[in-house]
Each structure stands twice: as structure tokens, then as C-alpha cells.
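One-letter residues, chain by chain:
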Amino acid sequence: MFKKIALGIAAAIVLLLVVVATRPPTFHVERSQVVDAPPAVVFAQVSDFHAWSAWSPWEKLDPAMKRSYEGAASGRGAQYAWVGNSQVGEGRMTIEQANPPARLVIRLEFLKPFEATNTATFSFVPEGSLTKVTWAMDGKNTFIGKAMSLFVSMDKMIGGDFERGLGALKTVSERAAKSGSVAEVAK
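Summarised in this report is the structure supplied together with it. Every value quoted in this text rests on a predicted model; they were computed, and no experiment measured them. (Residues numbered from 1 in each chain as written. Predicted model: local features only at pLDDT ≥ 70, side-chain atom pairs only at ≥ 80, totals over all residues. Heavy atoms only, no water.)

Our next topic: the overall build of the protein. Scanning the protein from terminus to terminus reveals four helices and seven strands. Helices (α) and strands (β) of the protein occur, in sequence order from the N terminus, as α-β-α-β-β-β-β-β-β-α-α. Put simply, the protein has 187 residues, and 35% of those count as buried. In the protein, once contacts between residues fewer than 6 apart in sequence are set aside, the share between residues at least 24 apart is 53%. (Helix = DSSP H or I, 4+ residues; strand = E, 2+ residues; numbered from the N terminus. Buried < 20%, exposed > 50% of the residue type's maximum accessible area, 1.4 Å probe, protein only. Contact = heavy atoms within 4.5 Å.)

On to the nonpolar core. In terms of nonpolar packing, the biggest core is built from 33 residues, with Ile 106 and Phe 122 touching the most fellow members. Looking at this core, the elements with two or more residues in it are β1 (26–35), α2 (39–47), β3 (79–83), β4 (90–99), β5 (103–112), β6 (116–127), β7 (130–140) and α4 (154–179). Residues contacting Phe 122, with those up to four places away along its chain left out, are Val 46, Trp 52, Trp 55, Ala 102, Arg 103, Leu 104, Ile 106, Thr 134 and Trp 135. (Core = buried A, V, L, I, M, F, W, Y, C linked by side-chain atoms within 4.5 Å.)

With that out of the way, let us pick up the pairing of β6. Bridging between β5 and β6 involves eight bridges; their strand directions are antiparallel. Within β6, the residue paired with Leu 108 across the bridge is Asn 118. The hairpin turn running from β5 into β6, its antiparallel successor, is three residues long. From the end of β6 to the start of β7, which pair antiparallel, there are two residues, and Gly 128 there has a positive phi angle of about 70 degrees. (Pairing = 2+ DSSP bridges.)

What follows covers the sheet that holds β6. The sheet built from seven strands is open, its strands ordered β1-β7-β6-β5-β4-β3-β2 with antiparallel pairing. This sheet does not close on itself; its edge strands, each paired only once, are β1 and β2 (66–70). Within the sheet, the average angular offset between the axes of one strand and its neighbour, ignoring direction, is 15 degrees. Along the sheet, α2 contacts β1, β4, β5, β6 and β7; its crossing angle with β6, the most-contacted strand, is approximately 165 degrees. Helix-sheet contacts for α4 involve β1 and β7, and the interaxial angle to β1 is about 25 degrees. (Axes fitted to C-alpha atoms, helices over the stretch in contact; angles between N-to-C directions.)

This part is about the pattern of salt bridges. Under the counting rule described, the total for this entry stands at eight salt bridges. Among the ionic pairs, Glu 90 bridges to Lys 112, the shortest N-O distance being 3.8 Å. Of this pair, Glu 90 sits in strand β4 while Lys 112 sits in strand β5, and the two are 22 residues apart along the sequence. Take Glu 90: its relative accessible area is 22%, and that puts it in the partly exposed class. Note on Lys 112: relative accessible area 51%, which makes it exposed. Residue Arg 164 is joined to Asp 161 by a salt bridge in which the shortest nitrogen-to-oxygen separation is 2.3 Å. (Salt bridge = Lys/Arg side-chain N within 4 Å of Asp/Glu carboxyl O.)

This part covers the side chain of Asn 118. With respect to the helices and strands, Asn 118 occurs in strand β6. In this structure, Asn 118 is in contact with Phe 27, Ile 106, Arg 107, Leu 108, Phe 110, Met 137, Asp 138, Gly 139 and Lys 140, ignoring residues within four places of it in sequence.

With that settled, the discussion passes to α4. Given 3.6 residues per helical turn, the α-helix brings residues three or four places apart onto the same face. Compared with an ideal rise of 1.5 Å per residue, which puts 26 residues at 38 Å, α4 spans 37 Å between its outermost C-alpha atoms and is within 8% of the ideal. Considered for burial, the residues of α4 that qualify are Ile 158, Gly 159, Asp 161, Phe 162, Gly 165, Leu 166, Leu 169, Val 172, Ser 173, Glu 174 and Ala 176. Turning to α4, the residues buried within the fold contact β1, α2 and β7. (Expected span 1.5 Å × (residues − 1).)

Below you can see the structure in the form of C-alpha cells.
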């Protein structure tokens, strides 16, 4: 009897490992928002990490979060690092590609609570006098990530954050476009 139970448990574990192993090796999360501002105005909000505090969905989760900036003031080479509570963890971002005002590619490194390196891409496409902003994140699923995806997808985990961030980016960018000053938003 014990042998049958042990074999059943072993078979279930093997089946679970096979299912986890067959999960996709990568993930992609993407959200878009139309903004009533020119691409250059919206691009400026994203390419300057100092401006992220006005729209990033994670900035408000830890008012005591420690931030540091290195490299270029904005655009390619700009770096931003943070250390915060359990909701924001620790990590850094580096702008690797900046093609104003159309595209920005960021290397996103999470250090705590889990180590991961992903790519965040922002595209800014003119639609008449409006701009369609698309925020995407791509990364690799480790075995643990694949196992977690059985219960919750990356899209469900961070998609809502992207939507909130894009909504705030819309507000900030439209205010900057109306005032004629991108710098006004940093206040």
C-alpha cells in the first residue's frame, strides 16, 4: 500500500515537473495609451529617470525609497537605481537605446527580492496630434518563473501597473504639452 502511494506521489511530481518544463521560456507584457501631446513631450518624461517619480506606478509604493542616478542626465547611458521596501525591492535601470522621439530601450535589473534581467521598451507613435505610447517588457522565464506562471501570469502581475503608469504618464505629458514646458512636470 505504501509503495503504491509513494509511486503515485512520484508520478505526480514527475508530471508537474514536465508541465512546468514545457511552459514558455520567455514572457511579454504590453500596454498602450493614447496621449494628447507630441511624441517629443512624452518621450522626455520617459527618457529622464528624474521625471519618473511623477508617473511611475512603483514610485508611490515606498515613500522612503532610496534613489540614485548615474551616467547621462537623460537618454542613452542614464542610470537609475532604487532600494525600497518589500513592494518595490531593489534594482536598477539603464537606458541602452534612445531614438528620440520614437523609441527607448531600458535594461531592467531586479536584484531583490528575486534576481532577473528584463528589457523594457517604450515606443511613441504619432497619431495625428496625439501620441500612442506602448510600454512593453520582455524577459526569460526561469524554472521558478515557469512554475509560478501556472498560477499567475506576468501579464496579470504587472499589466495593471503598466496601465496605471501609462495613465499617470498621460496626465503628466498632457499637462507639460499644455504648459509648453516639459520641465514643469518635474516640480
